[in-house]
Amino acid sequence: MESRNQKPFTFSALPAQVKIAGAGLLLMAVSVCKILIPVWSKRQDYSFGYLTPLFVLYVLFDRKEKIAEFFEKRRGKSAPRGAASLAADFVFGGMFACGIATFLAFAFLFYLTQNRGVPGFTMTFALSFTIFASAYLLSGKDNSGMRPKTSERLAFVSMFVFPSFIWLIAAPLFQVVESRVSLFLLSIVAKVVFNIMTGLGFAAELHGNTIQFPSGSIGVADACSGIRSLTACIFAGSFLAAVFFEKTWKKVTLVILSMALAFFFNLCRALFLAFWAYQNGPDSISGTVHDAAGYVILGCTVAGLLLIGKILNINPVPEEFREDGKRKTD
């Protein structure tokens, strides 16, 4: 990360409307956590959800000086309200209104039904867009009453992409969507494993998501689809991108590579278990072998994410030239 020279953060530097809105958004986030915690505790594939509020608070804490600096900045005069400014106000204002209305409607539906499925996901969806829209609407004036340019406001909003949308990853998808994604991944994993094994000369037949060997058959179950590692890797990759990188292209690259990494290592795990079952029988992959393979792949995935982050953070410019503004790169 780049070095920072911002002034020490003081809570009083934030305008009153920011403090009030922040308290309201905090209550909304607490309500969403209360609905999602039972899901995080029961579903192993979403157990990383417990980290969501902690990661959000960490990222906001890490950027507190930049947030305060935006409101403390004194401008010579207010920026004119041009067409771009009015259009942005309309878009973000509509986003905020829809977010609040949706959140309240489904919160009431949850109160009536106590069903955590659709209300939980929809409230999380509404929370994400409400936080994002609020960041723009609250940036309308600094502490001196001056109106920032639209480009400055959008740059300010970009700091809230992770705190806004990371909630969506921690909330289970609609069951029909999750099932279709899992089924799609299952078919890919089964076909790739089958093609590799037959290409290497192993006797195998593919029947749907089941691979038949001379010693028996193995089924590519839902847990082997990779959807668990996919969501977890997107979650981890998004956090690392938000914390370690300033450039948007680096953030996007890390998130995309985290998805590729999850698929690759899950495929390696499926291949290992298939070869093991071929040599030792289908029953041999249950228990210790299955769990050990999962833990090894988990460790490889974490190491891979950290390595990719390290590579993306390499500065090709020699250190002695980095102080030269014309030659410095990120």
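Residues numbered from 1 in each chain as written. Predicted model: local features only at pLDDT ≥ 70, side-chain atom pairs only at ≥ 80, totals over all residues. Heavy atoms only, no water.

A. View of the side chain of serine 139. Mapped onto the fold, serine 139 is located in the loop between helix H5 (118-137) and helix H6 (150-158). Not counting residues within four places of it along the chain, the set of residues in contact with serine 139 comprises Phe70, Phe71, Pro148, Arg153 and Phe156. (Helix = DSSP H or I, 4+ residues; strand = E, 2+ residues; numbered from the N terminus. Contact = heavy atoms within 4.5 Å.)

B. Expanded view of the sheet that holds strand E2 (residues 210-213). Ordered in space as E1-E2-E3, the three strands form an open sheet in which the pairing is antiparallel. Each edge of the open sheet carries a strand with a single partner, namely strand E1 (205-207) and strand E3 (216-219). The sheet shows a mean angle of 25° between the axes of neighbouring strands, direction not considered. Of the strand pairs in this sheet, E1 and E2 are connected by three bridges, and their pairing is antiparallel. If you follow histidine 207 over to E2, its bridge partner there is threonine 210. (Pairing = 2+ DSSP bridges. Axes fitted to C-alpha atoms, helices over the stretch in contact; angles between N-to-C directions.)

C. Layout of the side chain of threonine 124. By the element assignment, threonine 124 lies in helix H5. Excluding residues within four positions of it along the chain, threonine 124 makes contact with Val32, Leu36, Trp167, Leu168 and Ala171.

D. Spatial organisation of the nonpolar core. Grouped together as the largest cluster of nonpolar side chains are 41 residues, with contacts concentrated most on Val32, Leu127, Phe162, Ile166, Trp167, Phe239 and Leu254. Taken together, the elements giving at least two residues each to this core come down to helix H1 (16-42), helix H2 (51-62), helix H4 (83-113), H5, helix H7 (161-170), helix H9 (227-244), helix H10 (248-280) and helix H11 (288-312). With eight residues, H1 is the largest single contributor of residues to this core. Non-local contacts of phenylalanine 239, meaning those with residues more than four positions away in its chain, are made with Phe55, Tyr58, Val59 and Phe162. (Core = buried A, V, L, I, M, F, W, Y, C linked by side-chain atoms within 4.5 Å. Buried < 20%, exposed > 50% of the residue type's maximum accessible area, 1.4 Å probe, protein only.)

E. Here's a closer look at the state of the cysteines. Throughout the structure, instances matching the rule amount to zero disulfides. Just so you know, cysteine 268 is unpaired, no disulfide at all, and the nearest cysteine sulfur is the one on cysteine 300, 8.3 Å from it. Accessibility expressed as a relative area gives 29% for cysteine 268, which makes it partly exposed. (Disulfide = S-S within 2.5 Å.)

F. Main features of the environment of alanine 204. Counting through the fold element by element, alanine 204 comes out in the loop between helix H8 (175-199) and E1. On the basis of relative accessibility, which here comes to 16%, the residue alanine 204 falls in the buried class. In sequence terms alanine 204 and tyrosine 278 are 74 residues apart; their C-alpha atoms lie 9.1 Å from each other. Apart from residues lying up to four places away in sequence, alanine 204 is in contact with Phe194, Thr198, Ile211, Gln212 and Phe213.

G. Inspection of a nonpolar patch on the surface at higher detail. A surface patch of nonpolar side chains, about 450 Å² in accessible area, is lined by Tyr295, Leu298, Val302 and Leu306. With respect to the helices and strands, leucine 306 occurs in helix H11. (Patch = residues over 30% accessible without salt bridge, like charges linked within 9 Å, V, L, I, M, F, W, Y side chains within 5 Å. Areas by Shrake-Rupley, 256 points an atom, 1.4 Å probe, with all protein chains shown as cover. Salt bridge = Lys/Arg side-chain N within 4 Å of Asp/Glu carboxyl O.)

H. Representation of the packing of aromatic side chains. Enumeration over the complete set of coordinates arrives at 22 aromatic pairs. Both rings, one in phenylalanine 202 and one in tyrosine 278, keep their centres 4.9 Å apart while their planes meet at 85°; by these two values the pair is edge-to-face. Within this pair, whereas phenylalanine 202 is found in the loop between H8 and E1, its partner tyrosine 278 is found in helix H10, the two being separated by 76 residues in sequence. Put simply, the rings of Tyr46, Phe48, Phe55, Tyr58, Phe162, Phe235 and Phe239 pair up and form one aromatic cluster. A cation over an aromatic ring shows up here: lysine 64 above the ring of phenylalanine 61, its NZ or CZ 3.7 Å from the ring centre. Above the plane of the ring of tyrosine 136 lies arginine 153, whose end atom (NZ or CZ) is 3.9 Å from the centre. (Phe/Tyr/Trp six-rings, centres within 6.5 Å; stacked < 30°, edge-to-face > 60°. Lys NZ or Arg CZ within 6 Å of the ring centre and 35° of its normal.)

I. Examining the pattern of salt bridges more closely. The full count for this structure, using the stated rule, is three salt bridges. Here lysine 64 makes a salt bridge to glutamate 65, at a shortest N to O gap of 3.1 Å. The class for lysine 64 is buried, based on a relative accessible area of 17%. A salt bridge links glutamate 246 to lysine 66; its shortest N-O distance comes to 3.2 Å. Taken as a pair, glutamate 246 in the loop between H9 and H10 and lysine 66 in helix H3 (residues 64-72) lie far apart in primary sequence, 180 residues in all. Take glutamate 246: its relative accessible area is 30%, and that puts it in the partly exposed class. Look at lysine 66 and you get partly exposed, because its relative accessible area is 25%.

J. Summary view of the pairing of E2. The side-chain alternation of E2 yields one buried face, formed by Ile211 and Phe213, and one unburied face, formed by Thr210 and Gln212. Hairpin remark: E1 followed by E2, antiparallel, with two residues in the connecting loop; positive phi at glycine 208, about 65°. The hairpin formed by E2 and E3 contains two residues between the paired strands.

K. Examining the pairing of E3 more closely. What you see with E3 is a clean split: Gly216 and Ile218 sit on the buried side and Ser217 and Gly219 on the side with no burial. Pairing between E2 and E3: four bridges, direction antiparallel. Within E3, the residue paired with isoleucine 211 across the bridge is isoleucine 218.

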